[in-house]
Amino acid sequence: MKKLVLLGGGYGNMRVLHRLLPNNLPEDVSITLIDRVPYHCLKTEYYALAAGTVSDQEVRVPFPEHQRLELKYGEITGIDLEKKLVHLDEGEPVPYDDLVIGLGCEDKYHNIPGAKEYTHSIQNIEKARKTYQTLNNLPANSVVSIVGGGLSGVELASELRESREDLVIKLFDRGKIILSAFPERVSRYVQNWFQTNGVEVINGANITKVEDRTLFNHDEPVHTDVIVWTAGIQPNRIVRELDVEKDKQGRVVLTKYHNIPVDEHVYVVGDCASLPYAPSAQLAEGQADQIVHVLQKRWSGQELPAELPTIKLKGVLGSLGKKQGFGLMAERAITGRIARILKSGILWMYKYHNG
Ligand SMILES: Cc1cc2nc3c(=O)[nH]c(=O)nc-3n(C[C@H](O)[C@H](O)[C@H](O)COP(=O)(O)OP(=O)(O)OC[C@H]3O[C@@H](n4cnc5c(N)ncnc54)[C@H](O)[C@@H]3O)c2cc1C
């Protein structure tokens, strides 16, 4: 029996499972999935979990069940590529024949003093829950600062606005205008939404230091009761510590078949993989489809195609609370209610399809 081990049950490896199970897993292959959390977490919804507008249960999806799928829950502490072993905080190391590393990402603090120590996070479920508790226990008129005006910062600020009308919310963004990676029409729409809904957007920000309840913007102190960090990501620590080639962002450089160049049995999926697009759940799923294709060919001794097709991405959708949204679909900017309805529909489909 060959053993496929999946590290992390996020968007990438959940797609691997769904493509192989129940009927496409060769008879002589078994799967072990290892995650610290005993269900698949909908990370794209952590902004709503943190804001307190959805319950914890709404961001969980059960893993599939299958005779040849073993689910192992624990903390992965390291990968020994030489011995083909995965180390956990408890119990025996887990051997593999094929490995797919899909451990997602963590906050990146850009060496800003105090940022790690004094800010809250929405990068994993445990931290998002803690952020939820802190934000929702705040007394009236408290000040919340969100650092980083990308997709997750914008979604958190708007959702929190709807959740807590009494809070003073500040969103610090480096760019001249929010969501600078989007078309200007989208950025303006979002910036206007914040203005209308009483979220203060601080453009051209440069956070130089963070202390307990104080943020330093261009070295000027700004009092704040809670700070949430959404200003950058980096691959998971386990991957950062792997002795393999990485790109400038610390993501693992892969062959066109998504395995590391020195071992065709070790694949990396999702936020930890160096790909020519910004990391996203959608990208992780598209890449996972290709990894499954490669695995199946290799398992059956078939030749691999000379090239894999380009991963097709449909676009990006963001929410502004429960009623408005924005995005880019097939390279067209969309804003307003329709964008929000589309986003909710995609989430519903994902949960229904995977649940
Ligand atoms: C607020 C927010 C909104 C977003 N919105 C969108 C969106 O609208 N569209 C989109 O496409 N993308 C969005 N993203 C990005 C998307 O969530 C990620 O790109 C995606 O989750 C990456 O998938 P992955 O499979 O690489 O890892 P993840 O989905 O992050 O899964 C990683 C898994 O590894 C497990 N794990 C990590 N470390 C360990 C360890 N040491 N031991 C055991 N288990 C471990 C975790 O528990 C987790 O289950 C959003 C992200 C955030 C934070």
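Definitions and cut-offs
Residues numbered from 1 in each chain as written. Predicted model: local features only at pLDDT ≥ 70, side-chain atom pairs only at ≥ 80, totals over all residues. Heavy atoms only, no water. Buried < 20%, exposed > 50% of the residue type's maximum accessible area, 1.4 Å probe, protein only. Helix = DSSP H or I, 4+ residues; strand = E, 2+ residues; numbered from the N terminus. Pairing = 2+ DSSP bridges. Right-handed = clockwise from strand over helix to strand, strands pointing away. Axes fitted to C-alpha atoms, helices over the stretch in contact; angles between N-to-C directions. Domains from an automatic or database assignment. Contact = heavy atoms within 4.5 Å. Phe/Tyr/Trp six-rings, centres within 6.5 Å; stacked < 30°, edge-to-face > 60°. Lys NZ or Arg CZ within 6 Å of the ring centre and 35° of its normal. Core = buried A, V, L, I, M, F, W, Y, C linked by side-chain atoms within 4.5 Å.

Moving on to the pairing of strand β11 (residues 143–147). Counting buried positions along β11 gives 5 out of 5 residues, so the element sits mostly inside the fold. Neither face of β11 is open: one carries Val143, Ser145 and Val147, the other Val144 and Ile146, and all of them are buried. In terms of strand pairing, β11 meets strand β12 (residues 168–172) through 5 bridges, oriented parallel. The residue of β12 that forms the bridge with Val144 is Ile169. Each parallel crossover has a hand, and for β11 linked through helix α5 (residues 151–163) to β12 it is right-handed.

Spatially, β14-β15-β16 is the arrangement adopted by the 3 strands of the open sheet, whose pairing is antiparallel. At either end of the open sheet lies a strand with only one pairing partner, and these are β14 (207–211) and β16 (220–223). Averaged over neighbouring strand pairs, the angle between their axes works out to 25 degrees when direction is ignored. Where β14 lies against strand β15 (residues 214–217), 4 bridges are found, and the strand directions are antiparallel. Following the sheet pairing, Val210 is matched in β15 by Leu215.

Moving on to the domain arrangement of the chain. Where interface size is given, it is often the accessible area lost as the parts come together that is meant. Domain parsing of the chain yields domain 1 (2–36 + 74–106 + 233–300) and domain 2 (109–231). Centre-to-centre separation of domain 1 and domain 2, based on C-alpha positions: 32 Å.

A few words on helix α1 (residues 11–20). Most of α1 sits out of view: 8 of its 10 residues are buried. All buried positions along α1 are accounted for by Tyr11, Gly12, Asn13, Met14, Arg15, Val16, Leu17 and Leu20.

With respect to the element layout, Tyr132 can be found in helix α4 (residues 125–136). Along the sequence, Tyr132 and Tyr46 sit 86 residues apart, while their C-alpha atoms lie 9.4 Å from each other. The residues touching Tyr132, leaving out its near neighbours within four places in the chain, are Leu49, Ala50 and Gly52.

By the definition in use, this model includes 6 aromatic pairs. For the ring pair Phe63 and Tyr73, a centre distance of 6.5 Å and an interplane angle of 20 degrees mean the geometry is stacked. Of the two residues, Phe63 is situated in the loop between β4 (60–61) and β5 (69–73) and Tyr73 in strand β5; the sequence distance between them amounts to 10 residues. The class for Tyr73 is partly exposed, based on a relative accessible area of 41%. A ring pair is formed by Tyr109 and Trp229, whose centres lie 5.6 Å apart and whose planes are at 40 degrees; its orientation type is tilted. Residue Tyr109 is located in the loop between β10 (105–107) and α3 (115–118), and its partner Trp229 is located in strand β17 (residues 226–229); the two are separated by 120 residues in the primary sequence. Of the two residues examined, Tyr109 and Trp229, each falls in the buried class. When the ring centre of Tyr39 is taken as origin, the NZ or CZ atom of Arg60, which lies over that ring, is 4.9 Å away. Just above the ring of Phe216 sits the side chain of Lys209; from NZ or CZ to the centre is 4.6 Å.

Ranked by size, the top nonpolar core spans 69 residues in total, and within it Leu4, Ile31, Val154, Val190 and Phe194 carry the most contacts. Considering each element in turn, this core owes the most residues, 7 residues, to helix α8 (residues 281–299). Both domains that meet at this core, namely domain 1 (2–36 + 74–106 + 233–300) and domain 2 (109–231), each give it at least three residues. Excluding its chain neighbours within four sequence positions, the residues that come into contact with Leu4 are Leu20, Val29, Ser30, Ile31, Thr32, Asp98, Leu99, Val100, Leu295 and Trp299. Leu88, Tyr96, Leu254 and Leu275 belong to the second largest nonpolar core, which has 26 residues in total.

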